[in-house]
Amino acid sequence: MKHLISSLILLLAATHQVSAQVVIDIDANKISHTVHPMIQGQGLVYSIENDVIYADGSMAQLYKNIGAGFLRWPGGTVSTMYHWNDLTGVGWVDQWNPNYNTSSNENPSQYMDLDEYIILSNAAGTEPMLGINLSSGMEWDRQADALQEAIDMIEYCQSQNFDVKYFYLDNETYHSGNGYNKDKDNDGEHWTPQSYAEQINIYAAEIKKLVPDAKIIANWKQHLRKNVSDYTTLINSAGDNIDYIDVHWYWKWDASTWDAWKEKTPMENETEWYDGGTYVEEIKYFNNMVANLGKPHIKLASLEWNVAPGDHNSNPDHTPFQTALMASEMQLQFIQGGLELASMWTTQWAGSATGQFQVLVDSDNNNSPNPMAKVFELYKHAINGDVVSSTSTDNKIMTTTVIKDNKAFVYLLNKKDSTEEVEFTIDGYSIDKVNQARTFRSPGELSDVNPLSDATTGNYMADIAANSLTMIEFSLEADSVTETPAEPETETPAEPETETPAETETETPTEPVTETPTEAEDTEKDSKSSGGSMSFISLLTLMIFSRRINITKN
């Protein structure tokens, strides 16, 4: 008997269908939102964008390759001190200061002027986005001149057939590095939510005279939950003239380590000074806040985001790949949360190999793409697709799915140190085939994955590498919907000519034709877990019973 049972167990172990460790359940009928085409913007800082970097067209091509939606010009803090028609290349000093020394001006070949920005945007096929300097007018009591400067810039762009609709009004008006807040004229003045709102109203009115469908972007503090009062003032005073409010998200300033990222899934917007929720939760919080203030049309944006300074370069064990994988979760959450405008800070920075941030290209290696470029290559497939419900049975494997043109783009971020077998189920569609499957893994390159269809269940399965971001593109066929009519399609005569037996096999009954098995009978039927064969317990019972009969006979 023992030999019989052992043989049976070995036989079933060889044929038994083992379910995957992780199941990704996709419901294509539950659509959340569409991924905005400007979710993958890139930053520029005009004063450091040397002409030689862009001369051969390789950067324009890179922007295309990664699906860049827009290029933000002239930059961040420099936008609070620059003058588009009188650039100096000295980004963080305002030449409207009467004490400005013109001898410090840079050669124009060392920076990117507006004409060069227009050329680059056209070559890359990106949406234009221009910054408007409000601070210089406030700081040097030249508000009329500053407003006219903005008007002149827009009119110049129009004369060049450069169609600009997105305008961000100044930058970090809450920060000490802002041109007005530096207080170089020593009058003690600085931006407040109210003064900023008043200037937004003035500039927005003039901008929309020239560009009626302009999108106006304001900027305020990233710690939403701690600054509700500021936001209330800003929105109540200027909300009708604001389309987006930009927050600058730098994850875990001075504490952004690999271990900290691995400890918490999903990652949260937390710093030494702020304990926020996940980025998805922060987006939802903002949407609820503006709705409660009566301005639900205002959307959240993040025109500067990145993994904040940490031990990226001081820790010899930390690699650029790890930083990129950490940043990939930020972008994943932006897609999940429905953020519309986002741009990573920044494209390039001198000495980037030892800098505090990982940027798009490595200035210390002939501006070759950093690993983060590969992340954007994967995410670009999500643009303009519909985000649908997608869940994982393992909370250390994050997922989101985008449906576009009868294709499903399934993203998996595995934050575990082990390779995991994943099974995909999708409601509303059948998977026809795998078009491509790519994974971003150490040391920072893309490689192929080979999902296979299970012979028994028909579901696709794939091994997802440890610490990786994977994208699988499935071709889909919509499931056909079969409606069971209340009555049979053929008319049943009231009095049939032939005698009708009490029960006929051809008649469509109210109940299903097949008899509903009892609980005991049901366990005998084939199932996915049995691989189409009799269940283990039933087969074992049958063989033991047969064995006993043979023993009795003998």
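In this report, the structure presented in the accompanying data block is examined. For clarity, every value in this text was computed on a predicted model and none was experimentally measured.

**Regarding the pattern of salt bridges**
Under the criterion given, the structure shown has 17 salt bridges. Ionic pairing is found between Lys-221 and Asp-230, a salt bridge with its closest N-O pair at 3.4 Å. Salt-bridge contacts for Asp-448 lead to Arg-438; the nearest nitrogen and oxygen are separated by 2.7 Å. In this pair, Asp-448 sits in strand β19 (residues 445-448) while Arg-438 sits in strand β18 (residues 429-441), placing the two residues 10 residues apart along the sequence. Asp-448 gets classed as exposed once you look at its relative accessible area, which sits at 61%.

**Description of the sheet that holds strand β10 (residues 299-307)**
Taken in spatial order, the eight strands close into a barrel running β2-β3-β4-β5-β6-β7-β10-β11, and their pairing is parallel. Adjacent strand axes in the sheet meet at a mean angle of 30 degrees when their direction is disregarded. Relative to strand β4 (residues 127-132), strand β3 (residues 70-73) is paired through four bridges, and the arrangement is parallel. For Phe-70, the partnering residue across the bridge sits in β4 and is Glu-127. Its contacts with the sheet put helix α6 (residues 143-159) on β4 and β5 (166-169), and the angle it makes with β4 is roughly 160 degrees.

**Observations concerning the packing of aromatic side chains**
Counted by the stated rule, this structure contains 28 aromatic pairs. Ring plane angle 90 degrees and centroid distance 5.6 Å describe the contact between Trp-73 and Tyr-82, whose orientation is recorded as edge-to-face. Accessibility assignment for this pair places Trp-73 and Tyr-82 in one class, buried. Pairing Tyr-174 with Trp-220 gives two aromatic rings, centres 5.7 Å apart and planes at 75 degrees, and the pair type is edge-to-face. On the criterion of sequence distance, the pair formed by Tyr-174 in the loop between β5 and α7 (193-210) and Trp-220 in the loop between β6 (215-219) and α8 (228-238) is long-range, its members being 46 residues apart. Judged by its relative accessible area of 25%, Tyr-174 falls in the partly exposed class. Sitting over the face of the ring of Tyr-168, Arg-72 holds its NZ or CZ atom 4.8 Å from the ring centroid. Lying over the aromatic face of Trp-96, Arg-142 brings its terminal NZ or CZ to 3.8 Å of the ring centre.

Rules behind the numbers
- Residues numbered from 1 in each chain as written.
- Predicted model: local features only at pLDDT ≥ 70, side-chain atom pairs only at ≥ 80, totals over all residues.
- Heavy atoms only, no water.
- Salt bridge = Lys/Arg side-chain N within 4 Å of Asp/Glu carboxyl O.
- Helix = DSSP H or I, 4+ residues; strand = E, 2+ residues; numbered from the N terminus.
- Buried < 20%, exposed > 50% of the residue type's maximum accessible area, 1.4 Å probe, protein only.
- Pairing = 2+ DSSP bridges.
- Axes fitted to C-alpha atoms, helices over the stretch in contact; angles between N-to-C directions.
- Contact = heavy atoms within 4.5 Å.
- Phe/Tyr/Trp six-rings, centres within 6.5 Å; stacked < 30°, edge-to-face > 60°.
- Lys NZ or Arg CZ within 6 Å of the ring centre and 35° of its normal.

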